[in-house]
Protein chains: 2
Amino acid sequence: MIRVVLAEDQSMVRGALASLLGLEPDIEVVGEAANGDEAVAVAEATRPDIALLDIEMPGRDGIAAAEELRRRVPGCRVVILTTFGRPGYLRRAMEAGAVAFLVKDSPARDLAAALRRVLRGERVIDPGLAAAALSAGPNPLSPRERDVLSAAADGSTINDIALRLHLSEGTVRNYLSAAIQKTGARNRIEAVRKAQAQGWL
Amino acid sequence: MIRVVLAEDQSMVRGALASLLGLEPDIEVVGEAANGDEAVAVAEATRPDIALLDIEMPGRDGIAAAEELRRRVPGCRVVILTTFGRPGYLRRAMEAGAVAFLVKDSPARDLAAALRRVLRGERVIDPGLAAAALSAGPNPLSPRERDVLSAAADGSTINDIALRLHLSEGTVRNYLSAAIQKTGARNRIEAVRKAQAQGWL
DNA sequence: CCTCCGCGATGACATATGTCATCGCGGGCG
DNA sequence: CGCCCGCGATGACATATGTCATCGCGGAGG
């Protein structure tokens, strides 16, 4: 039996995925979690073969959970299952020790097949996505540029960001300007959207 | 048997939901669709008791599909199942003829229960969400203000929007200014986010 | 009939934003 | 050691954005 822990914040989707995996005779869902912290705790308690993690979750996200799991539950292989095939997500997931990266709009039947391949020691990554991640290159934003761009995402004004990050307004403008250049955008909104599409935030 | 057509764009989630419903002895998934147009076509062909529709789908969305279904397949009851419990979505779904509105982060076991209640003629709506929709009031944005705000969502500049909508720059600024006032925002980005959170776009 | 409201536009104005040059500090690296 | 790079800052400048007053048109409704 392949023992799986499932982490996904939307309960209905989580329950549905559990039922999908339950159809397979050789797969057993031994634990469920609604966020990254729960996922680590449940995996420590149940020692599954595979942790199937969503990325977008409140609190600790799936990628951070993957890093933690590598340390705390070494025998557990991490599979990322996410809505968005952002190149940056794939890169970060691999760096965090994931062995497979699946997107939710591939066919349902692929899921069980991927888990079996993972248990045989294979890595499972969509070839097109892998190519996109490689051709897109690494994240060009410096840590501080990322902070500022993230802070700008919700419509905050320069002043808000400066106060929140304890920076001068001019500095914020400079970082924002740099981020706009590096993303090839024309203003901060485009920069935020492009960076998010790449998984750089 | 309750005969259900399922529309959801992410195939893995769609397959998982189908398997979840398949566990119920009195429910049968008789058709699946990946977008609103397919949903209408499949429902016309299979005449299900219930159409279970996601809102966010490419092409015709779940709400537009609900309207179409009311005309084309009158016996079919529409249930909306969506990620976001935005007040404006609920309102629009009800106006489009939906009889139930479920959010994906309620427990998986609620889904089948809701479908049974719907078949008994009940409406199923989360009380808290209903209250939020009523207290938020109707969409205060005029159709044109919505157009302009939507066009601004991707980081387009005033000039881009003016060209795209065949308006003068000043007019675009005026509409944008009005939308900012009505949403209580401080700039267009906040206005876009607030309007989206309410389901006004 | 008159009024209100949405649509579309113009002009003027005050700020906010984006860009650039330039500075100092400090850590890593050949 | 000298160089580069990230961080933080300042000042100046050109645009972009947001606000306001005001106009005309046309349809809906008291």
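Residues numbered from 1 in each chain as written. Chains lettered and ligands numbered in written order. Predicted model: local features only at pLDDT ≥ 70, side-chain atom pairs only at ≥ 80, totals over all residues. Heavy atoms only, no water.

1. With respect to unusual backbone geometry
Glycine aside, the phi torsion of most residues is negative, and most peptide linkages are trans.
Residues and elements named next belong to chain A.
Move 1: The phi angle at Arg47 is positive, at roughly 50°, despite the residue not being glycine.
Move 2: By the secondary structure assignment, Arg47 is in the loop between helix H2 (36-46) and strand E3 (50-53).
Move 3: What makes Arg47 partly exposed here is its relative accessible area of 46%. (Helix = DSSP H or I, 4+ residues; strand = E, 2+ residues; numbered from the N terminus. Buried < 20%, exposed > 50% of the residue type's maximum accessible area, 1.4 Å probe, protein only.)

2. Description of helix H3 (residues 62-72) of chain B
All names here are of chain B.
Move 1: Considered for burial, the residues of H3 that qualify are Gly62, Ile63, Ala65, Ala66, Glu68 and Leu69.
Move 2: On its buried face, H3 sits against helix H2 (36-46), strand E3 (50-53), strand E4 (77-82) and helix H4 (87-95).
Move 3: Two or three places before Ile63, at the opening of H3, Asp61 has a side-chain oxygen 3.0 Å from that residue's backbone nitrogen. (Contact = heavy atoms within 4.5 Å. Polar contact = N/O pair within 3.5 Å; in protein donor to acceptor, adjacent residues only side chain to side chain.)

3. Considering the UniProt feature "domain: HTH luxR-type" (unreviewed entry) in chain A
Move 1: As recorded in UniProt, the sites labelled "domain: HTH luxR-type" (unreviewed entry) are residues 134-199 of chain A.
Move 2: Along residues 134-199 of chain A, the helical share is 71% and the strand share 0%, with 13 Å between the first and last C-alpha atoms. (UniProt positions renumbered as here; feature names shortened; annotations may be inferred.)

4. Some details on the sheet that holds E4(B)
Residue and element names in this part refer to chain B.
Move 1: Read from one edge of the open sheet, six strands run E2-E1-E3-E4-E5-E6, paired in parallel fashion. Each edge of the sheet is formed by a strand with only one pairing partner; in this case those strands are strand E2 (27-33) and strand E6 (124-125).
Move 2: Sheet analysis places E3 next to E4, joined by four bridges and oriented parallel. Paired with Ala51 across the bridge in E4 is Val78.
Move 3: Across the sheet, helix H1 (residues 11-22) lies against strand E1 (2-7), E2, E3 and E4, angled at about 165° from E2, the strand it touches most. (Pairing = 2+ DSSP bridges. Axes fitted to C-alpha atoms, helices over the stretch in contact; angles between N-to-C directions.)

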